[in-house]
Structures are given as structure tokens and as C-alpha cells.
Amino acid sequence: MPASLPDAHTRLAVLLGDPVAHSLSPLLHNTAFRAAGLNALYLACRVPPDALADAITGLRALPIVGANVTIPHKRAVLPHLDRLTPEAEAIGAVNTITRLEDGILRGDNTDAAGFLSGLDLEAMRGAPALVFGSGGAARAVVYALLTTLHPASLTIAARTPSTGEALADAFSRFDSHTALRVVPLAEAGAALRRSRLVVNATPLGMHPHEGSTVWPLAEDFGPDHTVYDLVYTSTDTRLLREAASRGAQTVDGLEMLVGQAAAAFEQWMGQPMPVDAVRTALRRHLNPSPLVGVSDDAHLPTSSP
């Protein structure tokens with residue numbers, strides 16, 4: 001829904017992934033384009049893995065400002081790009097492509113910036129932290145914490161400890177304070193209780209398993225905690241509800257979703273995203289009025305555009 005009907009001057013951005021039918025990125029970016037008065041359009045394009053190289057060739061040929069990349073292409077797209085930002089190189093995944101002059105494609109990872117946008121950075125600087133998970137979302141979170149907030153301790157709680165150890169090893173060069181520790185997820189209680197920031201970077205709590213939580217012991221949370229769940233749903237996740245019931249501050253995954261998109265938007269359009277309009281549109285979509293009669297079954301981890 002650009003500010004006017006598409007025409008020969010409409011700038012185009014796309015999402016590359018498989019599947020993409022559930023994505024909120026078209027709503028998010030088209031709302032931003034309309035609110036900013038831009039003649040631009042965002043489309044979600046299903047690209048099977050065996051068609052990824054052809055899709056990237058298409059980005060070079062067409063006058064597209066950029067693209068988002070989501071599952072399963074975030075790592076597979078790396079060798080097809082001309083340049084990578086330091087963030088993309090460090091995290092080892094790309095979620096944003098910007099088409100530069102002469103069709104040069106630059107890959108970036110805005111998940112780290114999106115994650116940080118949901119935090120009071122001064123309050124969290126140096127704070128002990130715990131991250132649940134060791135997948136792609138956790139990589140962005142760990143990178144952001146080590147390079148920006150420099151936690152006194154940073155514990156990775158992984159269901160499979162070997163994947164947590166691999167993550168810690170991959171980011172050890174950014175660990176100037178030797179903060180990184182790895183524990184099995186089931187043994188994370190002590191680390192959680194001494195942490196100020198707790199991040200869920202797993203899909204636990206997302207649709208259709210909203211009743212699940214990565215940490216079922218609500219009594220381990222308290223007023224000194226900030227609990228950040230990268231999953232977003234139409235209501236707070238069980239993790240956030242239980243943490244809030246014990247006095248913890250909470251941050252839902254919508255903040256990271258909007259934050260990573262805002263960073264991509266600014267790269268493409270050269271101006272800030274109107275984030276207030278975007279947040280309002282997303283919350284209305286996720287919490288539709290019964291008078292309007294709109295419903296939605298798409299609940300996504302926020303590390304995917």
C-alpha cells in the first residue's frame with residue numbers, strides 16, 4: 001500500500017524466503033512507505049533453495065532498492081553477494097541486502113541492531129546476561145551483547161551444549177572480558193538468578209505452542225530482571241507473563257522485529273522509518289478488534305523478517 005498506485009517510478013523491495021506466506025514484513029514495510037509518503041512497494045517472494053542463485057541474479061538486473069532474506073537463505077546467500085558488512089561477516093548470516101550502484105549487492109545483518117533497539121542500553125551496559133538458545137537468533141544477540149553492552153558475564157544456555165560451545169567459540173574474539181559461559185539449558189537456574197538480562201532466542205512460546213516456555217520456574221525471576229523474548233504473539237508469551245508476575249521488566253519480540261526492519265529501511269530509503277506508525281499497524285494486526293472481524297494465525301520468531 002504505497003502512498004499512490006504503483007507506477008514506472010515505484011521503488012521495489014522484496015523478501016526472499018521459503019515459506020513467506022506468513023510474513024509480516026509486507027505489512028510492516030508498506031505501512032512505513034505509506035506513512036513516509038514514499039512511492040515504494042514491498043513484496044514477499046517465495047524462493048525455493050534451488051532458485052536462490054537465480055533470485056540474486058534478478059536483484060542485480062532489476063531496479064530493486066534491496067531485499068530482506070529469511071529462512072532458509074540467511075547463510076546460503078552469503079557467497080552470492082559482492083560485499084558484507086562487519087556485522088554480517090561476524091554473525092555469519094544476512095537478513096538485509098542493499099542494491100548499490102552498478103548492481104553491487106551488499107549483505108548486512110540488522111538483527112543485532114534490532115535486538116539492541118528494544119533495550120535501555122545505558123541501564124544494561126555491563127549487566128550479567130543469559131541467552132537461551134544457540135541458533136541464528138542467538139548468534140545475533142550474543143554478537144550485539146559482546147560488542148555493545150560488554151556484559152560482566154554472558155551465559156549461553158543450550159539444549160545441546162555442543163552447539164552452545166560452537167557459538168561461544170565463534171564469538172570468542174569479541175569476548176574481551178572472558179564473559180562467555182555455556183551451560184545445558186536444564187541447568188541454567190543459577191546463571192539466570194544472577195543475571196540482570198535474560199533473553200529467549202529459541203522458538204519456544206511461538207504459535208502453535210503458546211503455552212510452552214523456555215524456563216518454567218517463574219520463582220527464579222524477580223524485580224532486578226529484564227526479560228526479553230524474541231518470540232512475539234498476539235499477547236505476551238508465557239515467559240513474559242510469568243516474569244512480569246514476579247516483578248521483572250519485560251520486552252516483547254515486536255521491538256526486535258521493528259528494529260531490524262527500521263535499520264533495513266534506512267539503508268534502502270536514506271531516511272528513518274516512521275516506527276510509531278509501524279508499531280501501531282502491527283499491534284492492530286496481531287490484536288484485531290472483534291468489530292472489524294480480522295484474524296491472523298501467523299506468529300513468527302522476530303529474527304525472521
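Provided above is the structure to which this section pertains.
Since the model is a prediction, treat every value here as computed from it, not as a measurement.

Quick notes on the rules
Residues numbered from 1 in each chain as written. Predicted model: local features only at pLDDT ≥ 70, side-chain atom pairs only at ≥ 80, totals over all residues. Heavy atoms only, no water. Helix = DSSP H or I, 4+ residues; strand = E, 2+ residues; numbered from the N terminus. Expected span 1.5 Å × (residues − 1). Buried < 20%, exposed > 50% of the residue type's maximum accessible area, 1.4 Å probe, protein only. Pairing = 2+ DSSP bridges. Contact = heavy atoms within 4.5 Å. Axes fitted to C-alpha atoms, helices over the stretch in contact; angles between N-to-C directions. Phe/Tyr/Trp six-rings, centres within 6.5 Å; stacked < 30°, edge-to-face > 60°. Salt bridge = Lys/Arg side-chain N within 4 Å of Asp/Glu carboxyl O.

K.L.:
Where do I start with helix H6 (residues 136–149) in this structure?
P.N.:
Between the first and last C-alpha of H6 there are 19 Å, a value that for 14 residues agrees with the 20 Å anticipated at 1.5 Å per step. Within H6, 11 of the 14 residues are buried, which leaves the element mostly enclosed by the surrounding structure. Buried residues of H6: Ala137, Ala138, Arg139, Ala140, Val141, Val142, Tyr143, Ala144, Leu145, Leu146 and Leu149, and no others. After H6 finishes, the residue His150 shows a positive phi value of roughly 50°.

K.L.:
What exactly am I supposed to notice about the sheet that holds strand E6 (residues 105–108) here?
P.N.:
Hydrogen bonds between backbone atoms are what pair the strands of a sheet, whose relative direction is either parallel or antiparallel. Strand order in this open sheet of 6 strands is E2-E1-E3-E5-E6-E4, and the pairing throughout is mixed. In this open sheet, the two strands that pair with only one neighbour each are strand E2 (40–46) and strand E4 (83–84). In this sheet, E6 lies alongside strand E5 (residues 96–99) in antiparallel orientation, the contact comprising 4 bridges. Bridge pairing links Arg99 to Leu105 in E6.

K.L.:
For this particular structure, what's the right way to read the pairing of strand E3 (residues 64–69)?
P.N.:
With 6 of 6 residues buried, E3 is to be regarded as a mostly interior element. Sheet topology note: the E3/E5 ladder contains 3 bridges and is antiparallel. Each bridged residue has a counterpart across the sheet, and for Ala67 the counterpart in E5 is Ile97.

K.L.:
Would you take a moment to explain the environment of Phe171 for this structure?
P.N.:
Following the sequence through the fold, Phe171 ends up in the loop between helix H7 (161–170) and strand E9 (180–184). By relative accessible area, which is 0% here, Phe171 ends up buried. In the structure, Phe171 is positioned 55 residues away from Thr226 in sequence and 23 Å away in space, judged by C-alpha atoms. If near-sequence neighbours (up to four positions away) are discounted, Phe171 is found in contact with Ala90, Ile91, Arg139, Val142, Tyr143, Leu146 and Leu180.

K.L.:
Just to check I follow, could you spell out the sheet that holds strand E12 (residues 249–251) for this structure?
P.N.:
Pairing is parallel in the open sheet, where 6 strands are placed in the order E9-E8-E7-E10-E11-E12. Either end of the sheet is taken by a strand with one partner, and the two such strands are E9 and E12. Taking the axes of each pair of neighbouring strands and ignoring which way they run, one obtains an average angle of 20° across the sheet. Against the sheet, H6 touches strand E7 (129–132), strand E8 (154–158), E9 and strand E10 (197–200), its axis set at about 165° to E7.

K.L.:
Hey, could you run me through the packing of aromatic side chains in this one?
P.N.:
Here a ring pair, both rings aromatic, is described through the centre-centre distance and the interplanar angle of the planes. All told, the structure shown has 7 aromatic pairs when counted by the stated rule. With a centroid separation of 6.3 Å and 35° between ring planes, the pair formed by Tyr42 and Trp268 is classed as tilted. Taken as a pair, Tyr42 in strand E2 and Trp268 in helix H10 (residues 254–269) lie far apart in primary sequence, 226 residues in all. Comparing Tyr42 with Trp268, the two get one shared label, buried. Each ring, one from Phe132 and one from Trp215, has its centre 5.9 Å from the other, and the planes form 25°; the classification is stacked. With Phe132 in strand E7 and Trp215 in the loop between E10 and strand E11 (226–229), the pair connects residues that are 83 residues apart, well separated along the chain. Residue class for Phe132 comes out buried when judged on its relative accessible area of 0%. Residue Trp215 is classed as buried on the basis of its relative accessible area, which comes to 5%.

K.L.:
What should I look at first to understand the pattern of salt bridges in this one?
P.N.:
Oppositely charged side chains are able to pair whenever their charged atoms sit close together. Taken as a whole and judged by the stated rule, the model has 10 salt bridges. A salt bridge links Asp111 to Lys74; the nearest nitrogen and oxygen atoms lie 3.2 Å apart. Taken together, the positions of Asp111 in helix H4 (residues 111–116) and Lys74 in the loop between E3 and E4 put the pair 37 residues apart, joining distant regions of the chain. For Lys74, a relative accessible area of 13% gives the class buried. By sharing partners, the salt bridges in this structure join Asp252, Glu255, Asp276, Arg279 and Arg283 into a single network.

These values are about where atoms sit, not about what they do.
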